[in-house]
Amino acid sequence: MELSESLDGNQKTVITGIGIICPIGDSIEKVYENIEAKRNIIGSKVAVIENFNPKDYLKKDAKLVRFMSKETQFATIAASKAIEDTKTFPYSEYEIAIYAGTGTTGIEFTDIEKMLNTSVDENGLFDIKKFGSEALYALNPLISFQILPNMPVCVASIYSKIKGNNQVFNPWEGNAAHALLEAYYDLQMEKEKCVIVGGSDYKTNSGAFITLSQYGLMNNQENDLIGKPFNPDSKGFIPGEGSAYLVLENLSKENKDHAYAQIIAIETVSDRESSLNYSMNSDLLADLILKTLEVSELTIKDIELIFSSADGNYMSDKIEEEALKKVFCENLPLVLTPKEFTGNIFSASPYINIALGAYMLKNNLKNITNILITGFGIGSEKFCSIIGKIENE
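Basis of the calculations
- Residues numbered from 1 in each chain as written.
- Predicted model: local features only at pLDDT ≥ 70, side-chain atom pairs only at ≥ 80, totals over all residues.
- Heavy atoms only, no water.
- Phe/Tyr/Trp six-rings, centres within 6.5 Å; stacked < 30°, edge-to-face > 60°.
- Buried < 20%, exposed > 50% of the residue type's maximum accessible area, 1.4 Å probe, protein only.
- Salt bridge = Lys/Arg side-chain N within 4 Å of Asp/Glu carboxyl O.
- Helix = DSSP H or I, 4+ residues; strand = E, 2+ residues; numbered from the N terminus.
- Pairing = 2+ DSSP bridges.
- Disulfide = S-S within 2.5 Å.
- Polar contact = N/O pair within 3.5 Å; in protein donor to acceptor, adjacent residues only side chain to side chain.
- Contact = heavy atoms within 4.5 Å.
- Axes fitted to C-alpha atoms, helices over the stretch in contact; angles between N-to-C directions.
- Parallel < 35°, antiparallel > 145°, perpendicular 65-115°, else oblique.
- Left-handed = near helix turned anticlockwise from the far one by under 90°.
- Nonpolar A, V, L, I, M, F, W, Y, C, P; charged D, E, K, R; others polar.

Novice: I would appreciate a short explanation of the packing of aromatic side chains in the present structure.
Specialist: Two descriptors summarise a pair of aromatic rings, namely the distance from one centre to the other and the angle between the planes of the rings. On inspection of all chains with the given rule, the structure shows seven aromatic pairs. With a centroid separation of 5.5 Å and an interplanar angle of 85 degrees, the aromatic rings of F89 and Y91 are classed as edge-to-face. Exposure remark for F89: the relative accessible area of 27% places this residue in the partly exposed category. Of the residues examined, Y91 reaches a relative accessible area of 19% and is grouped as buried. Through successive ring pairs, a cluster of aromatic residues spans F52, Y57 and F74.

Now the structure itself:
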């Protein structure tokens, strides 16, 4: 049975808190203002958070920082910010769950340089015996805390005293969005009362560049950027770092006044052909959008804004444009591409887009009611979601 067939639709799942940190701001207000003003402050090759010191944010227990990778620092900051943003929070620590996406290991070569050098024999080749007998002892033991993919979620829950269920999804954008799908389902089925959901990633490190290069994303694509489908001023594909977390609850009289937006529909599809590269199928994506509209009981004319997952890679952006045009035809609404400002933060990107849409709905910006959000980024999993304004009843 599909998710949409198993829910009775009586619950309204809403976003009641937003926490964010990315290259263009450490609050949803700053991020929106910079995008609205078209302040594209990211570099030509990478999008980093300038002058970042985790201890400026994690003052409650700064000692934890030494156990954190950068992804973990970002996740802990964003999750705690989201909880602080909820205004009222009547749950015990055992009634709060955390579901989140993380990235692949974001380790710098400098962290393991001594280990690598110690593993080399006199001919400059890797020596498994030296690796086992000498090199591992040259590694800082704290690295083990930093390379495990579940650590961002674990440490974020420890820092914010969350003792409910936790689920980890990795890597890449669509997989991370499954955290949102699971959270929505569990709230609708009343398995959970409150779920902190989000993603964190750190793709501005040396190890990440190798992985992204294997996908063909870090090559010089200057010629491919001519005639970019969504943004003529695009700087191309730029990896970034950061995190975004949301607090999800079912609508109640206690949270109605400060809730940002309602999650109307979420649908996903697996595209195995794109698991090892950045290829996509526009028909498959169009079908996913149509399915999401069907579940939401909305039409294309009800969608007034689209947050695209386009990230400056010409071919994938062009395929997403084709999918959108197949669905909306001449009724294509305004399309915004936040990754042009934040960089591609992978597991955090869908949550940044949802957070931006929720912020706009809450503050009646651009007079919109329903927003469609795509998640067609790198990886085999693709998702589509619709969020809407909370109507007064």
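Novice: Could you clarify how one ought to interpret the pattern of salt bridges in this entry?
Specialist: Should the charged atoms of two oppositely charged side chains come close, the side chains can pair. Within the structure shown, the criterion is met by eleven salt bridges. The partner of E95 in a salt bridge is K193, and the shortest N-O contact between them spans 2.8 Å. Note that E95 is positioned in the loop between α3 (70-84) and β2 (96-101) and K193 in the loop between α8 (173-188) and β4 (194-202), a separation of 98 residues in sequence. Here E95 falls in the partly exposed class, since its relative accessible area comes to 25%. The salt bridge involving K339 is made with E173; its shortest N-O contact spans 2.6 Å. Residue K339 is located in helix α12 (residues 339-342), and its partner E173 is located in helix α8; the two are separated by 166 residues in the primary sequence.

Novice: Even after reading the chapter, I still don't get the pairing of β2, so can you show me in this structure?
Specialist: Both faces of the sheet carry side chains from a regular strand, because those side chains alternate between them. Taking burial as the measure, the six residues of β2 include six buried ones, the bulk of the element. Side chains I96, I98 and A100 of β2 all project onto a buried face; the interleaved residues A97, Y99 and G101 project onto the opposite face, where all are buried too. One ladder, built from six bridges, connects β2 with β4; its direction is parallel. Residue Y99 lies in a different strand from β4, and its bridge partner there is V197.

Novice: Honestly, the state of the cysteines in this entry has me stumped. Any pointers?
Specialist: Disulfide: a covalent bond connecting the sulfur atoms of a pair of cysteines. Inspection of every chain in the model, using the stated rule, returns zero disulfides. The thiol of C154 is unpaired, and the distance to the nearest cysteine sulfur, on C194, comes to 18 Å. Take C384: it sits in no disulfide, and the sulfur closest to it among the cysteines is that of C329, at 16 Å. You can call C384 buried: its relative accessible area is 0%.

Novice: So what exactly am I meant to see when it comes to the side chain of N370 here?
Specialist: You can see N370 is positioned in strand β9 (residues 370-375). A polar contact is formed between the side chain of N370 and the backbone oxygen of D302, at a distance of 3.3 Å. Residues within four places of N370 in sequence aside, it is in contact with I264, L298, D302, I303, E304, L305, L361, I387 and G388.

Novice: What should I look at first to understand the packing of helix α10 (residues 282-296) against helix α11 (residues 314-328) in this one?
Specialist: Any two packed helices are characterised by how steeply their axes cross, that is the angle between the axes, and by the distance between the axes. Direction vectors running N to C along α10 and α11 enclose 45 degrees, while the axes themselves pass 8 Å from each other. Comparing their axes, α11 and α10 come out oblique. α10 and α11 meet at a crossing whose hand is right-handed. In this structure, α10 contributes S282, D283, L285, A286, I289, L290 and L293 to the contact, and α11 contributes I319, E322, A323, L324, K326, V327 and F328. Of the residues in the contact of α10 with α11, the class split is ten nonpolar, one polar and three charged.

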